[in-house]
Amino acid sequence: MSAPTSSACASEDNTEVARSFDTDSSPLFDLLARTALSDQRAFSQLYQLTSAKLFAVAIRILKHEERAEECLQEAFVNIWRQAGTYNADKSAPMTWMTTVVRNRALDLLRQRRPEVQADNPQVLENFRDDSDRTDNVAFADEHRRLEDCLGELKDAQRRCVLLAYYGGHTHPELAAQLQVPVGTVKTWIRRGLQQLKQCLD
Amino acid sequence: MRPRDQQLRDHLAAEYVLGTLHGRARRRFERWLEDDRELDAAVAAWAARLFPLAQALPPVAPSARVWGAISTRIGAVQTPATARTRWWDNIGFWRSLAATAASLVVVLAVLLALPGREQGPAEGHMVMVANRQAEPLWVVSASGQQNRFKVKTLRPAGMAPEKVCVLWLIWPDGYAAPLGELPERIGSIDVRMPKGLARDPMRAQVAVSVESAGAPVTAPSRELVFKGPWVSL
């Protein structure tokens, strides 16, 4: 099968094309459908077009380049094997692939990261995380709504949601990091999510 | 007991997508998803709602080695039609045996220690048989002497005691000649084509089948677990 172009030039190309696919995912539908038929060329193209976006997701959660590479590799092997189960009526191609990558990243993260005990200050210290930073993220125009809705959440709720999504943190880890009881974190997340849904739907 | 309350179900779907549902609760939820289409739809809706967060991250190009590893792992035998599906789905224990992609060949050339001084029409050709984890099990290489081949066992395949792997040459017309059993023990052995067979081995594909130990081997009795052409180094 043909390998993607060298990573240096691929990175720029990928970025451009991946962005344009935010609005038009029909080429990805086609590539996924052909991947389901074991078309390795289509799969190679799919990788070239989406891997930079998906790698960013893995890196953000795992915060470790090698593990993120392992994650991306396993996720794409899963995409190759499960392309036939992709349901276009249910989700957009990139949403589905992001789910595959995130689930793999969360699994890998938790295999290696023991559950945090909220009462252990030393462990707690290791779980400082700035995953809720949004200064380096850029929402595409059609995604501004989520950004607006996040803006309507209380600070603590928004932080929890972002730390969980970007950092892969569990309730106890969030409680440790934010130095509040687990119950409080659960409430913030529950209310935050409810409010997001109301705002978005 | 899976919850019936709509609000609770939707909330679990949200926490599943967010990632805060973890450990046993996550695994249990995934089992529910298998046969609960409504819950599955709730998960898809939440994945779509939160997807812009992932999409907003600046892209990071992964190293070229990631694609190398992926193409190796998926680069199974390119037999026609639906062979790939049958391969993964029907072979049971032998699900683990897969063929290689050409990209691994270069890496493996180092392991091969091919005889450099010997001459012969077939020299420099090899086939590698790997398992599903892309771990190479055997390298079959042309010895430089016509009709003789070297089999290098790189790691034990872990066969059940009553089963063996048999190496074959299969020509385009379907004629199959056994070269012998593939060893479990790490090391090298020599195998040869059956005496008196006047066929060019380089025109054949190399194949592996699983046979009962001790049974006479005249034709591959089961579905092939591996089939691939010679690769020229």
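Note that the structure is a prediction, hence the values are computed from the model and not measured.

Thresholds applied
- Every chain is numbered independently, its residues counted from 1 as its sequence is written.
- Just so you know, chain letters begin at A and ligand numbers begin at 1, following the order they were written in.
- At least 70 in pLDDT is required for a residue's local features to be given in this predicted model, at least 80 for side-chain atom pairs to be given and counted, and no such filter applies to totals for whole chains, interfaces and linings, which use all residues.
- Hydrogen atoms and water are omitted, and side-chain values are computed over all heavy atoms in the structure.
- Pairing between two strands requires that DSSP report at least two bridges joining them.
- Elements are defined by DSSP. Helices are runs of H or I of four residues or more, strands are runs of E of two residues or more, and each kind is numbered from the N terminus.
- Think of each axis as a best-fit line through the C-alpha atoms, taken over the contacting stretch in the case of a helix, with angles from 0 to 180 degrees between the N-to-C directions.
- Side-chain rings of Phe, Tyr and Trp (the six-membered ring for Trp) are treated as a pair once their centres are within 6.5 Å; stacked means planes under 30 degrees apart, edge-to-face means over 60, and tilted covers the remaining angles.
- A 1.4 Å probe rolled over the protein chains alone gives each residue an accessible area, and that area as a share of the maximum for its type sets the label: buried under 20%, exposed over 50%, partly exposed in between.
- Contacts are assigned to residue pairs that have any heavy atoms within 4.5 Å of one another.
- Buried surface area refers to the total accessible area, computed with a probe of radius 1.4 Å, that the two partners give up upon joining, counted for both partners together.
- Put simply, a salt bridge is a Lys or Arg side-chain nitrogen that is within 4 Å of an Asp or Glu carboxyl oxygen.
- In the analysis that follows, any N or O atom pair within 3.5 Å is treated as a polar contact, provided that within protein one partner can donate a hydrogen and the other can accept it, and provided that, for residues neighboring in sequence, both atoms belong to side chains.

### Points about the sheet that holds strand E9 (residues 224-228) of chain B
All names here are of chain B.
Item 1. What the four strands build is an open sheet, ordered E6-E5-E8-E9; its pairing is antiparallel. Both edges of this open sheet fall to strand E6 (176-182) and E9, since each of them pairs with a single strand only. Ignoring strand direction, the axes of neighbouring strands in this sheet form an average angle of 25 degrees.
Item 2. Pairing of strand E8 (residues 205-212) with E9, which is carried by four bridges, proceeds in the antiparallel orientation. Each bridged residue has a counterpart across the sheet, and for Val208 the counterpart in E9 is Phe226.

### Considering the packing of aromatic side chains
All names here are of chain A.
Item 1. Within this structure, the stated rule accounts for 12 aromatic pairs over all chains.
Item 2. Here the aromatic rings of Phe29 and Tyr86 are separated by 6.3 Å at their centres, their planes lie at 40 degrees, and the arrangement is tilted. Taken together, the positions of Phe29 in helix H2 (residues 26-36) and Tyr86 in the loop between helix H4 (65-82) and helix H5 (93-112) put the pair 57 residues apart, joining distant regions of the chain.
Item 3. The class for Tyr86 is buried, based on a relative accessible area of 13%.

### With respect to the environment of Leu167(B)
Item 1. By the secondary structure assignment, Leu167(B) is in strand E5 (residues 163-170).
Item 2. Sequence-distant contacts of Leu167(B), defined by excluding residues within four places in its chain, comprise Val140(B), Val151(B), Ala177(B), Pro178(B), Leu179(B), Gly180(B), Leu182(B), Val191(B), Val206(B), Ala207(B) and Val208(B).

### Quick notes on the interface of chain A and chain B
Accessible area lost during the coming together of the parts is what is often quoted as the interface size.
Item 1. Listed per partner, the contact involves 67 residues of chain A and 47 residues of chain B.
Item 2. Carbon and sulfur atoms make up 63% of the surface buried where chain A meets chain B, a total of about 5200 Å² over both sides.
Item 3. Looking at the side of chain A facing chain B, the largest losses of area belong to Arg81(A), Tyr165(A) and Leu193(A), adding up to 12% of the total buried there.
Item 4. The partner of Asp107(A) in a salt bridge is Arg27(B), and the shortest N-O contact between them spans 3.1 Å.
Item 5. Counting the contacts that link chain A with chain B gives 15 residue pairs in polar contact (both at pLDDT 80 or more).
Item 6. Listing elements by their share of the side of chain A that touches chain B, those giving two or more residues are helix H1 (7-23), helix H3 (40-62), H4, H5, helix H7 (144-151), helix H8 (155-167), helix H9 (171-178) and helix H10 (182-200) of chain A.
Item 7. With 11 residues, H3(A) is the single largest residue contributor to the side of chain A that touches chain B.

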